[in-house]
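Commentary on secondary and tertiary structure
This is what each chain is made of:
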Amino acid sequence: METKVSIILTSYNKPRLLEQAIESVLNQTMREWELWIMDDHSNIETVQTIQRYLEDPRIMYRNSGIEDEKRYQTTRYATMINEAIPLIKGNYLTYLTDDTVYMPNRLEEMVTFLERNSGIDIVYSSQQVKIVNDQMTCLKEFTREAEEILLHAADKVDHCSVMHTRKILLQVWEKFGSYWDEDPKHWCRGDAVFWQRLNTFQSFYPIPKVLDITYKTPQSVQTLFRNLPATLPDGILVKGTEGCVYLMDNGQRRLLDPTMFTFYHYNPGKIVDIPDPVLYRHEEGIPIDDQLQLPPFRLYQDDKGNLFYMEHGWKRRITSPILLRKYRFLQREIIPLKEKILNEFPLGPEIDPYFIKPLLENKVYKNHTNYWFVTNHSLHPIDKKVLERLKMNQDPIPIPKNIIQAYKKSTLIVGGY
């Protein structure tokens, strides 16, 4: 059978959605296609899902085998697309992700348009977007309409809604020396950068029909990168797609044993889902798997009833219930420890209710509508959306304006990806 269309499907750890994506290709009214499944070293469940479809001779599979610690070095889906392009046979190329499905007539509609308009090399369609939760319940939906010829398609068209000729790729290669730009700074908009390259040669022509449906889940790339700061603050709990929970500490990720998660009174609702490339760009530190590897920014009580807040390198004494209330501590957060363990840490500066002494580290402060975060003995203004993304927005500590003015300040913390 002649191969008219080559489809490059990029996949990573979404087995249930991936199955729907592959089925949507199998259900196409046009049969003259090949499907390249480019999987980025997913979990075994995803691999098993792919293997069920490999008896179809039109379906090819490549596993990147990428090591987790190298994920941050390139925009991975761009890398996988670039690896697939030299292998394709079709006159037309189109793209698919593991959270998108094609309508049954998708390939036929696009190929027919391109064959009837021989001078056109790029076409795009309308797309239905469904924002769903982990249970795939639709929370919101809307349509990205394909209504006009686009001279600048970047950030306007999703790459699952585009088909282009194979020949225009040769022009891209000759001018730019590569197809898709793999620079990791393009993680959130790799398709937009490629559209800019395509627009160098031609406009995008619309097909005003919904030909694909994309599902934006809590694990979608755009969701995971949204409002995430370039530097993750110490003290937050994070996890990637494998589900292991880490504590950010001194710029490293420290694996948190499940029993220690309970012992140190961590709140499961505070765990922040982050993209694997961001997780693995941080070196793995000493795991927290016993009571001798004390995590910072917790509230400890010794055998004699003395309360301490642990910071980097020292413990700070909490001398009255007023301080507990002032700094928004909860009784259920108190962790009992042997005095001899806490004696291993030097005593740091006193804590006072008037914020005259150094402010407590890893705390969020608020003055009117402005938010501040203390880390490394500096007061950082912080965007409210970042606080919400990092699950640090609950019950900030009110602080007088004169204290803010007098305290050492540092850079603004904003979403940086």
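Now for a quick tour of the structure. Bear in mind the structure is a predicted one, so any value in this text is a computation, not a measurement. What you see as residue numbers is a count from 1 along each chain, following the sequence as written. Per-residue local features are limited, in this predicted model, to residues with pLDDT of at least 70; the limit for side-chain atom pairs, both in listing and counting, is 80 or more; totals at the level of whole chains, interfaces and linings are taken over all residues. Hydrogens and water are ignored here; the side-chain numbers use all heavy atoms of the structure.

So, the nonpolar core
The condition is simple: Buried residues of nine kinds, namely Ala, Val, Leu, Ile, Met, Phe, Trp, Tyr and Cys, make up a nonpolar core once their side-chain atoms join them within 4.5 Å. Buried, partly exposed and exposed residues are distinguished by accessible area as a fraction of the type maximum, computed with a 1.4 Å probe on protein chains only: under 20%, between the cut-offs, and over 50%, respectively. To qualify as a helix, a DSSP run of H or I must reach at least 4 residues; to qualify as a strand, a run of E must reach at least 2; elements of each kind are numbered from the N terminus. It only takes one pair of heavy atoms within 4.5 Å for two residues to be counted as in contact.
Ranked by internal contacts, the top residues of the largest apolar core, which has 51 residues, are I8, W180, W195 and F204. Sort the elements by how many residues they give to this core and helix α3 (residues 76-84) lands first, with five residues. The residues touching F204, leaving out its near neighbours within four places in the chain, are I122, Y124, E148, I149, L150, A153, V162, W195, L198 and N199. By size, the runner-up hydrophobic cluster in this structure holds 29 residues, among which are I22, Y92, M163 and L211.

With respect to helix α5 (residues 167-176)
The cut-off we apply is this: The arc in question is traced by the directions running from the helix axis to the C-beta atoms.
Within the sequence span of α5, burial applies to I168, L169 and V172. Down the axis, α5 shows its buried residues gathered within 105 degrees of arc, on one side only. Facing away from the buried side of α5, by more than 90 degrees, are the exposed residues L170 and E174. Its buried side turned inward, α5 meets β4 (92-97), β6 (122-132), β8 (162-165) and α6 (190-199).

Notes on the packing of aromatic side chains
Threshold: Stacked, tilted and edge-to-face pairs are distinguished by plane angle, under 30 degrees for stacked and over 60 for edge-to-face with tilted covering the rest, among Phe, Tyr and Trp rings (Trp via its six-membered ring) whose centres lie within 6.5 Å. Criterion for a charge above a ring: Lys NZ or Arg CZ within 6 Å of the ring centre, and within 35 degrees of the ring normal.
The final tally for this structure, using the stated rule, is 15 aromatic pairs. Judged by centre distance (5.0 Å) and plane angle (90 degrees), the ring pair of F263 and Y264 falls under edge-to-face. Taking relative accessible area as the criterion, F263 reaches 22% and is therefore assigned partly exposed. For the ring pair Y309 and F329, a centre distance of 5.4 Å and an interplane angle of 55 degrees mean the geometry is tilted. Residue Y309 is located in strand β15 (residues 307-310), and its partner F329 is located in the loop between α10 (321-326) and β17 (334-336); the two are separated by 20 residues in the primary sequence. The residues Y309 and F329 share a single accessibility class, namely buried. By way of ring pairs, the aromatic residues Y95, W180, F194, W195 and F204 are connected into one cluster. Lying over the aromatic face of W33, R58 brings its terminal NZ or CZ to 3.8 Å of the ring centre. Sitting over the face of the ring of F176, K175 holds its NZ or CZ atom 5.9 Å from the ring centroid.

A word on the side chain of Q127
Inclusion rule: Pairs of N or O atoms within 3.5 Å make up the polar contacts considered here, provided that, within protein, one atom can donate a hydrogen while the other can accept it, and that residues adjacent in sequence are counted only when both atoms are side-chain atoms.
Here Q127 lies in strand β6. At a separation of 2.4 Å, a polar atom in the side chain of Q127 contacts the side chain of R144. For Q127, the side chain forms a polar contact with the side chain of D212, separated by 2.7 Å. Setting aside anything within four residues of it in sequence, one finds Q127 in contact with F142, T143, R144, D158, C160, S161, V210, D212 and T214.

Some remarks on the sheet that holds strand β16 (residues 315-318)
Applicable threshold: Pairing between strands requires that DSSP locate at least two bridges from one strand to the other. The convention used is that axes are lines fitted to C-alpha atoms, helices contributing only their stretch in contact, and that angles between N-to-C directions extend from 0 to 180 degrees.
Pairing is mixed in the open sheet, where four strands are placed in the order β16-β15-β14-β17. Of all the strands in the sheet, the pair left with one neighbour each is β16 and β17. Across the sheet, the mean angle separating the axes of adjacent strands is 35 degrees when strand polarity is ignored. Pairing analysis gives three bridges linking strand β14 (residues 299-301) to β17, with the strands arranged parallel.

Some thoughts on the packing of helix α1 (residues 15-26) against helix α2 (residues 44-51)
Definition in use: Working definition: roughly parallel below 35 degrees, roughly antiparallel above 145 degrees, roughly perpendicular at 65 to 115 degrees, and oblique for all remaining angles. Two helices crossing with the near one rotated counterclockwise from the far one by less than a right angle form a left-handed crossing, whereas a clockwise rotation gives a right-handed crossing.
At a minimum axis separation of 9 Å, α1 and α2 run at an interaxial angle of 20 degrees. Between α1 and α2, the interaxial angle falls into the category roughly parallel. Between α1 and α2 lies a crossing whose hand is right-handed. Within the contact between the two elements, α1 uses P15, L18 and E19 and α2 uses E45, T46, T49 and I50.

Some words on the environment of G65
Looking at the secondary structure, you find G65 in the loop between β3 (59-63) and α3. In sequence terms G65 and K304 are 239 residues apart; their C-alpha atoms lie 54 Å from each other.

As for the pairing of strand β19 (residues 370-375)
In terms of burial, β19 is a largely internal element, five of the six residues being buried. Note: strand β18 (residues 364-367) against β19, four bridges, orientation antiparallel. Its bridge partner being in β19, N367 is matched across the sheet by N370. Connecting β18 to the next strand, β19, in antiparallel fashion are two residues, including H368 with a positive phi near 60 degrees.

What about the side chain of S378?
Structurally, S378 can be placed in strand β20 (residues 378-381). With a relative accessible area of 5%, S378 lands in the buried category. Leave out the neighbours within four places in its chain, and S378 touches F373, Y407, K408 and S410.

Notes on the pattern of salt bridges
Test applied: Criterion for a salt bridge: a side-chain nitrogen of Lys or Arg within 4 Å of a carboxyl oxygen of Asp or Glu.
Within this structure, the stated rule accounts for 18 salt bridges. R76 is the partner of D40 in a salt bridge, and the nearest nitrogen-oxygen pair spans 2.8 Å. On the criterion of sequence distance, the pair formed by D40 in the loop between β2 (33-39) and α2 and R76 in helix α3 is long-range, its members being 36 residues apart. For the pair formed by D40 and R76, the shared burial category is buried. Notably, a salt bridge pairs K239 with D273, separated by 2.6 Å at the nearest N-O pair. Taken as a pair, K239 in strand β10 (residues 237-239) and D273 in strand β13 (residues 271-273) lie far apart in primary sequence, 34 residues in all. Classification of K239 by relative accessible area gives partly exposed; the value is 24%.

Fair warning: the whole summary comes from geometry, so function is off the table for now.
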